[in-house]
Amino acid sequence: MIKSIKVMLLPNNFQKTRLHQHAGAARFLYNWALAKEEENYEAGGKFISYYELAKELTEIKKTDEYAWLNDISACTCQAAIKDACEAYNNFFKKRARHPKFKSKNKSAPSFAQTDQAIEFTSTHVRLSSLSKSLKRNRKKLNWVRLAEHGKIPINVKHSNPRITFDGINWWISVGIDYPENDVKLSEEGLGVDLGIRNLAVCSDDNIYPNINKTKAIKNLEKRKRRLQRSISRKYEMNKKGDEFVKTKNIIKDEKKLLKMHQRLSNIRKNYLHHTSKEIVGKNPKFICIDDLNIQSMMKNKYLAKAFQEQSLYEFSRQLEYKSNFKGIKFIRADKGYPSSKKCSICGRIKKNLKPYQKLYKCECGNVIDIHKQAALNLKSYGEDIIAE
């Protein structure tokens, strides 16, 4: 199974400049290839293959207008064209939406390199064509320092290496092929109910609370709102006519705001990873969750922000791939399955259940927390699937 590893880079000023140049070239070639595909389709032609576009790229590099592409790694150029062709092909095969052109202001700078062009040590990674000089001291500039030493294995095959910029730091991610784990699983399955009040309620009585309700997150959100209002006021104060002027103080505050956004995001992601690892670490026979319709949930204007901050889709995705990595059966209940409305004892379904209700009271005398009952019903659903 292929496992992705992501590590922060520590480039010097020269390397930062070259990384931005490679990302800019990758964005330009992605848009160029996509425009070629669009133009060809509108003219009634068929899909242009990657090899045809690669040949055309070789020819345009010889012209004065596109001679600057010769300073960029050929691996980066080829990967950008391949990404555009794959995105366009996926659209026609109905596996994805229509690809959009990348914007310099809105798209995150990123580029890819081939497996052969990249090399790792325990402390550094060698990227292709950051420095084309043959001098010994200049060739060292191709080696970029890693923030975490020894995290990426060395003597293994690395797949799909990608370098991205999040507005503050550069990151590298690679896929590593790991052997399947032979883990001894327990005889009991696990039902997991996801929600807003608590992130997850398990059928084994474990409850994982909503981290967004903690004091630390609330204080960070409060500081973020104050900083946003401060930036907005500064824009209004420095407005000239109909145009907004970005001063140095505004740039400083926007960088602070970006760091605050990232800090909040990192805290939430870290909590999701720890929680999913703990749930999967119990080694149950199976894990069963509801197949949530996240898109329809986000249409609720009162709860959209809470659903977004809780990241239920990302949490279920982590549970799925971590379960598969350990060989645990992962089950999603049907969207019409009444996990919360069904009594876990007599099986009676209560159709008029209100969303704000915390307790489920059945005619058979069953009084139970509604989320705990949903987890128990999901466990029963998983047992039925396994039995079939």
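In every chain, residue numbers begin from 1 and rise along the written sequence. Residue-level local features of this predicted model are given only where pLDDT is at least 70; pairs of side-chain atoms are given and counted only at 80 or more, and the full residue set underlies all totals for whole chains, interfaces and linings. Hydrogens and waters are ignored; side-chain quantities use all the structure's heavy atoms.

1. Remarks on the packing of aromatic side chains
The condition is simple: Stacked, edge-to-face and tilted are the three classes for Phe, Tyr and Trp ring pairs, Trp counted by its six-membered ring, which pair at centre distances within 6.5 Å; planes under 30 degrees apart are stacked, over 60 edge-to-face, the rest tilted. Comment: elements are numbered from the N terminus, with helices defined as DSSP H or I runs of at least four residues and strands as E runs of at least two. For each residue, the accessible area found with a 1.4 Å probe, counting protein chains only, is set against the maximum for its type, and the residue is called buried under 20%, exposed over 50%, and partly exposed in between. Either the NZ atom of lysine or the CZ atom of arginine qualifies as a charge over a ring when it sits within 6 Å of the ring centre and within 35 degrees of the ring normal.
According to the stated counting rule, one finds 11 aromatic pairs in the structure shown. The interplanar angle of 85° and the centroid separation of 6.4 Å between the aromatic rings of tyrosine 178 and phenylalanine 325 together place this pair among those described as edge-to-face. With a gap of 147 residues between them, tyrosine 178 in the loop between strand 7 (170–177) and strand 8 (190–194) and phenylalanine 325 in helix 9 (residues 312–326) connect regions that are remote in the sequence. Classification of tyrosine 178 by relative accessible area gives partly exposed; the value is 25%. Ring plane angle 90° and centroid distance 6.0 Å describe the contact between tyrosine 235 and phenylalanine 244, whose orientation is recorded as edge-to-face. With a relative accessible area of 18%, tyrosine 235 lands in the buried category. Among the residues examined, phenylalanine 244 registers a relative accessible area of 45% and is labelled partly exposed. Ring pairing ties together the aromatic residues Tyr41, Phe47, Tyr88, Phe91 and Phe92, which thus form one cluster. Positioned above the aromatic ring of tyrosine 50 is the side chain of lysine 82, whose terminal nitrogen or guanidinium carbon lies 5.0 Å from the ring centre. Seen from the ring of phenylalanine 14, arginine 138 lies directly overhead, with NZ or CZ sitting 5.3 Å from the centre.

2. Structural notes on the sheet that holds strand 2 (residues 110–112)
Quick reminder of the rule: For two strands to pair, DSSP has to find at least two bridges joining them. Contact criterion: two residues are considered in contact whenever any of their non-hydrogen atoms come within 4.5 Å of each other. Structural elements are reduced to axes, namely lines fitted to C-alpha atoms, with helices fitted over the stretch in contact, and the angle between N-to-C directions of any two is expressed from 0 to 180 degrees.
Spatially, 7 strands are ordered 2-6-7-1-5-4-3 in an open sheet, and the strand pairing comes out antiparallel. At either margin of the open sheet sits one strand with a lone partner, and together these are strand 2 and strand 3 (119–120). Examined bridge by bridge, strand 3 and strand 4 (residues 124–126) share 2 bridges and lie antiparallel to one another. Residue pairing for strand 4: glutamate 119 is matched across the bridge by arginine 126. Sheet strands in contact with helix 1 (residues 13–42) are strand 1 (2–10), strand 2, strand 5 (143–146), strand 6 (158–165) and strand 7, and its direction is about 80° off that of strand 2.

3. Details of the side chain of serine 323
Stated precisely, the cut-off is as follows: As used in this structure description, the phrase polar contact means that two N or O atoms lie within 3.5 Å; if the pair is within protein, one of them must be able to donate a hydrogen and the other to accept it, and residues adjacent in sequence are counted only when both atoms belong to side chains.
Locating serine 323 in the fold gives a position in helix 9. For serine 323, the side chain forms a polar contact with the main-chain oxygen of leucine 319, separated by 2.6 Å. When residues no more than four places from it in sequence are discounted, the contact partners of serine 323 are Val280, Ile287, Ile328 and Phe330.

4. Observations regarding the environment of leucine 359
Looking at where leucine 359 falls in the secondary structure, it is placed in strand 13 (residues 359–361). Using a relative accessible area of 44% as the deciding quantity, one classes leucine 359 as partly exposed. Linking leucine 359 and leucine 141, residues 218 residues apart in sequence, is a C-alpha distance of 63 Å. Leucine 359 has contacts with Val367, Ile368, Asp369 and Ile370, leaving out every residue within four places of it along the chain.

5. Some words on the pairing of strand 8
Of all 5 residues in strand 8, 5 are buried; the element is thus mostly enclosed. Covered by surrounding structure in strand 8 are Leu190, Val192 and Leu194 together with Gly191 and Asp193, the residues of both alternating faces. In the sheet, strand 8 pairs with strand 11 (residues 286–290) via 3 bridges, with the strands oriented parallel. Along strand 11, the bridge assignment pairs glycine 191 with cysteine 288. Relative to strand 9 (residues 198–202), strand 8 runs antiparallel, the two being bridged by 3 bridges. Opposite aspartate 193, over in strand 9, you have valine 201 as the bridge partner. Here strand 8 folds back onto strand 9 in antiparallel fashion, the turn holding 3 residues.

6. Some thoughts on helix 2 (residues 50–60)
Condition: The directions from the helix axis to the C-beta atoms are what the arc is built from.
The set of residues buried in helix 2 consists of Tyr50, Leu53, Leu57 and Ile60. For helix 2, the angular spread of buried residues about the axis comes to 85°, placing them on one side. Residues of helix 2 that are exposed and point over 90 degrees away from its buried face: Tyr51 and Lys55. Where helix 2 is buried, its residues touch helix 1 and helix 3 (74–92).

7. A word on the packing of helix 1 against helix 2
Helix packing for two helices is described by the angle between their axes and how far apart those axes are. Rules: Orientation labels follow simple angle bins: below 35 degrees gives roughly parallel, above 145 gives roughly antiparallel, 65 to 115 gives roughly perpendicular, and whatever is left gives oblique. Crossings are assigned a handedness: left-handed for a near helix turned anticlockwise from the far helix by less than a right angle, right-handed for a clockwise turn. Residues were grouped as follows: Ala, Val, Leu, Ile, Met, Phe, Trp, Tyr, Cys and Pro as nonpolar; Asp, Glu, Lys and Arg as charged; and all remaining residues, including Gly, as polar.
At a minimum axis distance of 12 Å, the contact between helix 1 and helix 2 shows a crossing angle of 120°. One finds that helix 1 runs oblique with respect to helix 2. The two elements helix 1 and helix 2 meet at a crossing, and its hand is right-handed. Residue-level inspection shows Leu29, Trp32, Ala33, Lys36 and Glu37 of helix 1 in contact with helix 2, the latter providing Leu53, Glu56, Leu57 and Ile60. Here the contact of helix 1 with helix 2 is built from residues that sort into 6 nonpolar, no polar and 3 charged.

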